[in-house]
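An overview of the molecular structure
One letter stands for each residue in the lines below.
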Amino acid sequence: MDNIKKINESITENLSSAENKKSFSYNEKESYKALIKSTANFIFIGNLKTGKFRYPLVMVNLFGFPSEVIQNPLPLWEKIVHKADWEKFYESNMEIVSGEKDSHNIEFRVKTVEGDYIWMKCCGNMVRDKEGNPSTFAGVISHLEEKNKIDNVTRLLNITEFSKNFQKKIDSGLKNIGMVILGIDNFKQVNDFHDRETGDKVLQAIARIIQSNLLCNEEVYRLDGDNFGLIVKDADEEKIVEIYEKIKTEFVTSQIIEKRKLLLTISGGCSIYPKDGNSYLELYKYTNYTLESSKKDGKNKMTFFTKEIIENKSRHLEVLYFLKRSIANDFYGFDIVYQPQISSKTEKIKGVEALLRWKDEKLGMISPMEFVPVLEDTGLIVPVGRWILRNSLKQCKEWLKYNPDFTMSVNISFIQLLDKDFLNDLKEIIKELDIPTRNIILELTESCSINSMGFMKNLYDELKDSGIRVALDDFGTGYSSLGVLKEIAADIVKIDRIFVRDILKSKFDMNFIKFITAICNDVDIEVCLEGVETKEEYNLVKDIGIDYIQGYYFGKPQSAEEIENNFLIEK
Ligand code: C2E
Ligand code: CA
Ligand code: CA
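Below, the structure is looked at part by part. Model, not experiment: these values are computed from the prediction.

**Some remarks on the nonpolar core**
Counting 78 residues, the largest nonpolar core has Phe334 and Leu442 as the members making the most contacts within it. The element that contributes the greatest number of residues to this core is helix α14 (residues 381–399), accounting for nine residues. With 29 residues, the next largest nonpolar core counts Ile206, Val232, Leu264 and Phe304 among its residues.

Structure (structure tokens):
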């Protein structure tokens, strides 16, 4: 725009002398044509006396205007300018028309014929007649992305603008400014299992859905990855839930992209200035924590900031800090204990499950229920998992001298399976230790399979071919245990201990165990029952066809030395 202004000024300067004016004449229509051809921006000219405006054909086609020359175009603009920007757009134009201002410079979103909102910037100047009345209004409408403000995929303003505009609102003294971050659940899988283009289409679709479900003046931004940011004025929980629910509902019902149905959901987090934090950065951090919390808590939901969220997060970060230190320190503080698995026929040990322990000097003993999720969230479970495999299998190899059929069960997280080197690393460890694969059992949970059944099936097949056995862990606690069993023929099913807990009182639990055992016996899947703590419980289940028992009644998780003394060395 500055260049065009300079050219205009120099033209006016040169033409100002009477002599020059006489010697230079040009065809106005042709020059307009030449100008619009020389720029990707849209040059417009308006006659404020007649109310007629002329726009270039490319723009007319882009916005679906009826023709290049339009009498009083404001109602047409009203149809396509985003409702959050309309007031600003209208007022700025009226200031020119009324002669209150001589120039304007505004940024606004416009809907294209395709239905996408794009950011445009309009710089215009008004020229008055001899009497000083507004006469001509002309200028340039250009795409905003040239200025690095726009995200290329969704055409929304980007994260830099998000922080700038949020800060501006704080500086202007506004209160109750809501910061909302929306994230598509499991978006990584769209990119992993489909392709990048589908991923982009999903992002564009969600951008469109968010923009068409706002209540009034909320601003929408594309942040990083699959996250979108909203700035909500006069925010309260009720208003934000209303916006979120609208978006969520439309999102689940409109997910057919290129004839493929994607089962995606969207989670959200929110914090409000100044109630929850004093600065943009503080709020941004907290809003991300709340989104994380929604995702951990089952996804497809909105979470608001609370003090507990920071407390949990700081504990998480503290545990992570010390875990990293332990790992870097050659796994110092990590240990493996072994819990016996007893054959119900012989009441003798048939193998053990390796269970990870971690003791930090400052934090003390931490339960795997707490630190394993931290390892999984950060991907650190991959190197730690390799360490567990190498050490537990080494131990197993030693114990084969007591019983060549002895088995070592090792827990494997879904995150480990996603690691492309998993199978190779496993094979390498097996080769290095020279241990028969029939002595190895990998325990996987149901959550490993539902997300990506096809991918998991291939992995199971490869494991089977190599002779390693697979146990389906925590059976009965997920959403579709039986479905998973049908798809993936595990060698062993481990019925979760929640069914044993109330077995003496609950007929349902007893029947569930019997039913699953009968089905598994029928199709040659072995059954291991977890969590048997007392003699009474054992007596109830020992004759119903269960193959193995694992529980405190036969032995708690214990050190390798204790396993040898208590179960392996004959006295
Ligand atoms: P899990 O794989 O289901 O392991 C069985 C858990 O049940 C163990 O808890 C064990 O101590 C406990 N348990 C066994 N018998 C009884 C019983 O009779 N009564 C009661 N109340 N509990 C019993 P632990 O060692 O605290 O491990 C908890 C979870 O942490 C494991 O559940 C597993 O999901 C995870 N975990 C532990 N070690 C590893 C590991 O090496 N890798 C991975 N990925 N996860 C691990
Ligand atoms: Ca297990
Ligand atoms: Ca289990």
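**Considerations on the packing of aromatic side chains**
In this structure the tally under the stated criterion is 37 aromatic pairs. Considering the side-chain rings of Phe89 and Phe108, the 4.8 Å spacing of their centres and the 70° angle between planes classify their relative orientation as edge-to-face. Linking Phe89 in helix α6 (residues 83–97) with Phe108 in strand β4 (residues 103–111), this pair joins segments that are 19 residues apart in sequence. Classification of Phe89 as buried rests on a relative accessible area of 5%. For Phe108, a relative accessible area of 1% puts it in the buried group. Taken together, the ring pairs in this structure connect Phe42, Phe44, Phe53, Tyr55, Phe63, Phe65, Trp77, Trp86, Phe89, Tyr90, Phe108 and Phe137 into an aromatic cluster. Here the basic side chain of Lys556 rests over the ring of Tyr552, its NZ or CZ set 4.6 Å away from the ring centre.

**Notes on the environment of Trp358**
Assignment of secondary structure puts Trp358 in strand β15 (residues 349–360). In the structure, Trp358 is positioned 13 residues away from Phe371 in sequence and 8.2 Å away in space, judged by C-alpha atoms. Beyond its immediate sequence surroundings of up to four residues, Trp358 is in contact with Val319, Phe322, Leu323, Ser326, Tyr332, Gly333, Phe334, Leu363, Gly364, Met365, Ile366 and Phe371. Only 2.9 Å separates the side chain of Trp358 from the side chain of Ser326, close enough to count as a polar contact.

**Regarding helix α11 (residues 280–296)**
With 17 residues, α11 extends 24 Å between its outermost C-alpha atoms, agreeing within 8% with the 24 Å of an ideal straight helix rising 1.5 Å per residue. All of the buried residues in α11 are Tyr280, Leu283, Tyr284, Tyr286, Thr287, Tyr289, Thr290, Leu291 and Ser294. Summarising the contacts, the buried residues of α11 are in contact with α7 (159–171), β7 (177–184), β9 (227–232), β12 (266–273), β13 (302–304) and α12 (307–328). Phi turns positive, to about 100°, at Gly298, one or two residues after α11.

**Points about the coordination of the calcium ion (ligand 2)**
Around the calcium ion (ligand 2), the protein supplies Glu353 (OE), Asn411 (OD1), Glu443 (OE) and Asp473 (OD) as donor atoms, at distances of 2.1 to 2.4 Å. In primary-sequence terms, the residues that donate to the calcium ion (ligand 2) follow E-x57-N-x31-E-x29-D.

**Points about the pairing of β15**
The buried fraction of β15 amounts to 11 of the 12 residues, a majority that puts the element mostly inside the structure. Judged from the nine bridges that link them, strand β14 (residues 334–343) and β15 form a sheet pairing that is antiparallel. When the sheet's bridge partners are listed, Asp335 is paired in β15 with Arg357. A loop of five residues connects β14 with β15, the two strands running antiparallel in sequence, and Glu347 in this loop sits at a positive phi of about 60°. With four bridges connecting them, β15 and strand β17 (residues 407–411) associate as parallel partners. Across the sheet, Ala354 pairs through a bridge with Val410, a residue of β17. Of the pairings in the sheet, the one linking β15 to strand β16 (residues 364–366) comprises three bridges and is antiparallel in character. In the sheet register, Lys359 faces β16, and the bridge partner there is Met365. Here β15 hands over to β16 after three residues, the two strands then running antiparallel side by side.

The rules behind these values
Residues numbered from 1 in each chain as written. Chains lettered and ligands numbered in written order. Predicted model: local features only at pLDDT ≥ 70, side-chain atom pairs only at ≥ 80, totals over all residues. Heavy atoms only, no water. Core = buried A, V, L, I, M, F, W, Y, C linked by side-chain atoms within 4.5 Å. Buried < 20%, exposed > 50% of the residue type's maximum accessible area, 1.4 Å probe, protein only. Helix = DSSP H or I, 4+ residues; strand = E, 2+ residues; numbered from the N terminus. Phe/Tyr/Trp six-rings, centres within 6.5 Å; stacked < 30°, edge-to-face > 60°. Lys NZ or Arg CZ within 6 Å of the ring centre and 35° of its normal. Contact = heavy atoms within 4.5 Å. Polar contact = N/O pair within 3.5 Å; in protein donor to acceptor, adjacent residues only side chain to side chain. Expected span 1.5 Å × (residues − 1). Donors = N, O, S within 2.8 Å, 3.2 Å for Na, K, Ca; no water. Pairing = 2+ DSSP bridges.

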